[in-house]
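Observations on chain architecture
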Amino acid sequence: MTPTPARRLAEVAKKVGVSEATVSRVLNNRPGVAEATREAVLTALDVLGYERPTQLRGERARLIGLVLPELQNPIFPALAEVVGGALAQRGFTPVLCTRTAGGLSEADYVEMLLDQQVSGVVFCGGHYAEGDAPHEHYRRLRERGVPVVLFNAAVGHLGFPCVATDDEVASEQSYGHLVSMGHTRLGAVVGPQDHMPSQRRVASLLRQASQSSGTVTVQIAHAQFSMEAGRAAAARLLAQGVSGLVCGSDILALGAIRAVRRAGLDVPADVSVIGYDDSAFMNCTDPPLTTVRQPIEAMGRAAVTMLLNQVEGAPAADEELLFEPELVVRGSTGPARGGTGAAR
Amino acid sequence: MATKLTEVAAFAGVSLATVRRVLNDQPFIAQETRERVLTALDVLGHERPSRLRGNRAGLVGLVVPDLQNPIFPAFVETVSAGLVKQGLMPVLCTRTADGVSEANYIKLLMDHEVAGIIFIGSSYADAGPEHGRALEERGIPVVLINPADANDGVRRITVDDASAVDQSLEHLRSLGHSRVGMLLGPMGHIPSARKLGAFVADWERRAAPGSDPGAWRESVAHTGFSMEDGRTATTRLLGAGVTALICASDALALGAVRAAYRRRLSVPGDLSVVGFDDSPYMIATDPPLTTVRQPVRTMGAAAVDALKAQIGGNAGPPEETLYEPELIVRASTGVVRSA
């Protein structure tokens, strides 16, 4: 005989050790109940073999956090569009969390997302990629079992699945392109020192240079991800006589081009510049920017699939899916002045 | 009240002072302690203070047509920051090519019981009248920024499109241009229609008596908003003999520049181009783009204030407020080439 609702209420309340009022609140999806208590009541329902009320099954849990470091660099809105669109198609709603100057920190956003009981979080760039940044909030997400997917290289110990552009391949493409045109003194304008994807690219560039038996050298300059910082870093490298600049983002590359001009030189005649991302309008720049394109459509779709699999109960694999970038050659790279480049 | 607090303190195993601090949401209390007190409240059947409830009343939908045009991410960023400062949480809704439309988002948002919706560059009119009615019936606060269509009766924060064109025309005339054309969005797109209105009014003021009043039509093209659309439409307009183009967006302007280059024309030597919107990378384009900048921060803040007022129940009249843009002169406009 099915227990009456009143009996069910009493039974659950007794099992969990809370008042019937609290159980009632949880069953009617009303606010004002601690997360831990809510979970305990729902678990008790399951254990006692009672149906969870329909409104709690999946409908409510349809929000996914989408955390971005900014929206200025066009690559981030592009990613948000791909990921947001893919989520919406599957009936989930992206909650946008963009860091702004003087606004909420990433940890604050994660607290808000946890309060809102999101079903999962996608991070497109953020503190997980920065060795010196706080990582406590990632631990909280893991503890609560919230599905998480990261974009691009992360610090080692976080244990979340990740989709990433293959930084090794990106570096090889850039290095190979410049060296094949006769450049031997290369410079890299990359992100801050603790930025993981930048570290990977630097390591790859240095490795390739070390295999050139001293013919090719690579100087490194670190910068925050802004046009102005890119310009300053590039200026330092130009002073050391580099003729080819590999940059960590298109924005840094635009800054580098300005540094070249400020030094009285020309792109690409005197100095070649390669960007990274291939964000919108980079074919309209002066000169049109040679860059490494991240395959964001494929990566975005893969990230959403990985996330929703976890949401639907599959265990999270601590894996990194690598995607091949492609070098898009436009007008900011050319043969080294006076050099004898390999046949193109 | 005192008894209740003592009860809670005893149950949670903390002091009365701690209970008070948690209820007043004061800082420097261990999360675990906070949880114990809140659980004690629940178990003893007392209501949590409203600001600690963490319910969904704080979600605000941000509906944008896309994030490709940099003006939309710019608005999203400033509006999001403003919302978050107010303790509200922005939910991003971008229309996608494969079918997630305003209508889908509105339904999703209503299912989630959002506190309000801000439409940027679009509106629920696109979704159909039944959605507008549904929003109205539920009394959901709505603010529109630069709506694409007419929306009387809803609070609107709009850039002054007519002023943008007046400033562009004045600039071009000062460079000697008399044959100016326009590259606009689709017919029916209200901001484009307003720009056209200002253009035509200027034309009529200058028209020689007895001249054909509709002659301006040859110099105006309506098209989609992509750079490619701009390029195609410009090729047609170049045939009409224009020496300068006022464009409804920067993407269209960049398309116009490309069309000129394709015809071996120089910008600004043979053709001057003025864009609309502005974004940080328009200084790096070829050539750096003369354009009209929208006061994004001011408009974003106004939209958040308007929404907050509606949520709080003291909405002002559902009127439209116009915001003055400014012309940013870079290198895509120049003196007209003498014949």
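Not measured: the values here are computed from a predicted model. (Residues numbered from 1 in each chain as written. Chains lettered and ligands numbered in written order. Predicted model: local features only at pLDDT ≥ 70, side-chain atom pairs only at ≥ 80, totals over all residues. Heavy atoms only, no water.)

**Some thoughts on the interface of chain B and chain A**
This is how it is decided: Two residues form a contact once any of their heavy atoms are found within 4.5 Å. Note on definitions: buried area is the accessible-area loss of two parts on being combined, 1.4 Å probe, summed for both. Criterion for a salt bridge: a side-chain nitrogen of Lys or Arg within 4 Å of a carboxyl oxygen of Asp or Glu. We count a stretch as a helix when DSSP gives it H or I for four or more residues in a row; a strand needs E for two or more, and each element gets its number in order from the N terminus.
Across the contact, 47 residues belong to chain B and 52 residues belong to chain A. For the pair chain B and chain A, the summed buried area comes to about 4400 Å², and 61% of that belongs to carbon and sulfur atoms. Counting every contact that joins chain B to chain A gives zero salt bridges. Broken down by secondary-structure element, the contributors of at least two residues to the side of chain B that touches chain A are α3 (31-43), α4 (71-85), β2 (89-94), α5 (102-111) and α10 (250-262) of chain B.

**Observations concerning the packing of α4 of chain B against helix α11 (residues 296-311) of chain B**
All names here are of chain B. Inclusion rule: Axis definition: a line fit to C-alpha positions, over the contact stretch in the case of helices; interaxial angles, taken between N-to-C directions, run 0 to 180 degrees. Should an angle fall under 35 degrees it is taken as roughly parallel, and over 145 as roughly antiparallel, whereas 65 to 115 is taken as roughly perpendicular and any remaining angle as oblique. It is the rotation of the near helix from the far one that decides the hand of a crossing: anticlockwise by less than a right angle makes it left-handed, clockwise makes it right-handed. Residues are grouped as follows: Ala, Val, Leu, Ile, Met, Phe, Trp, Tyr, Cys and Pro are nonpolar; Asp, Glu, Lys and Arg are charged; all remaining types, including Gly, are polar.
Where α4 meets α11, the closest approach of the two axes is 9 Å, and the angle between their N-to-C directions is 45°. In terms of orientation, α4 and α11 fall into the oblique class. Seen from above, α4 lies across α11 with right-handed handedness. Together, Ile71, Ala74, Phe75, Thr78, Val79, Gly82 and Leu83 of α4 and Val296, Arg297, Met299, Gly300, Val304 and Leu307 of α11 make up the contact between the two elements. Grouping the amino acids of the contact of α4 with α11 by side-chain chemistry returns nine nonpolar, three polar and one charged.

**Notes on unusual backbone geometry**
Where we set the bar: In this scheme, a residue with accessible area under 20% of its type's maximum is buried, one over 50% is exposed, and one in between is partly exposed, where area comes from a 1.4 Å probe on protein chains only.
The residue after Val267 of chain A, namely Pro268 of chain A, is reached through a cis peptide bond having omega 5°. Here Pro268 of chain A lies in the loop between α10 (250-262) and β9 (272-277). Backbone torsion omega between Asp286 of chain B and Pro287 of chain B reads -5°, so that peptide bond is classified as cis. Unlike most non-glycine residues, Arg264 of chain B shows phi in positive territory, near 60°. By the secondary structure assignment, Arg264 of chain B is in the loop between α10 and β9 (272-274). A positive phi is found at Asp277 of chain B, a non-glycine position, where the angle reads about 120°. On the accessibility criterion, Asp277 of chain B (5% relative accessible area) is buried.

**What to know about the nonpolar core**
Worth spelling out the cut-off: Within this scheme, the nonpolar core is defined by two criteria: the residues are buried Ala, Val, Leu, Ile, Met, Phe, Trp, Tyr or Cys, and they are joined through side-chain atoms within 4.5 Å.
Ranked by size, the top nonpolar core spans 146 residues in total, and within it Phe123 and Phe151 of chain A together with Ile118 and Phe199 of chain B carry the most contacts. Here the element with the most residues in this core is helix α4 (residues 75-89) of chain A; it accounts for 10 residues. Those residues in contact with Phe151 of chain A, other than ones at most four positions away along the chain, are Leu79, Val83, Val122, Phe123, Cys124, Gly125, Tyr128, Val163, Met299, Gly300 and Ala303 of chain A. Judged by nonpolar contacts, the second largest core, of 27 residues, contains Ala221, Val242, Leu252 and Ala253 of chain A.

**Considerations on the side chain of Ser122 of chain B**
Tracing the backbone shows Ser122 of chain B in the loop between β3 (116-120) and α6 (129-137). Apart from residues lying up to four places away in sequence, Ser122 of chain B is in contact with Val63, Pro65, Glu102, Asn146, Pro147 and Ala148 of chain B.

**Some thoughts on the packing of aromatic side chains**
All names here are of chain A. Rules: Aromatic pairs are defined between Phe, Tyr and Trp rings, using the six-membered ring for Trp, whenever the two ring centres lie within 6.5 Å; interplanar angles under 30 degrees are classed as stacked, those over 60 as edge-to-face, and all others as tilted. Only when the NZ of Lys or the CZ of Arg is both within 6 Å of the ring centre and within 35 degrees of the ring normal is a charge said to sit over the ring.
Inspection of every chain in the model, using the stated rule, returns five aromatic pairs over all chains. Members of the aromatic cluster, joined through ring pairs, are Phe123, Tyr128, Tyr138 and Phe160. Over the face of the ring belonging to Phe92 we find Arg62, whose NZ or CZ atom lies 4.5 Å from the ring centre.

**Some words on the packing of helix α5 (residues 106-115) of chain A against helix α6 (residues 136-143) of chain A**
Residue and element names in this part refer to chain A. Two elements in contact, α5 and α6, have axes separated by 9 Å at closest approach and are oriented at 20°. On the basis of the axis angle, α5 is roughly parallel to α6. Between α5 and α6 lies a crossing whose hand is left-handed. Contacts between α5 and α6 pair Glu106, Ala107, Val110, Glu111 and Leu114 from the former with His137, Tyr138, Arg140 and Leu141 from the latter. Along the lines of polarity and charge, the residues of the contact of α5 with α6 split into five nonpolar, one polar and three charged.

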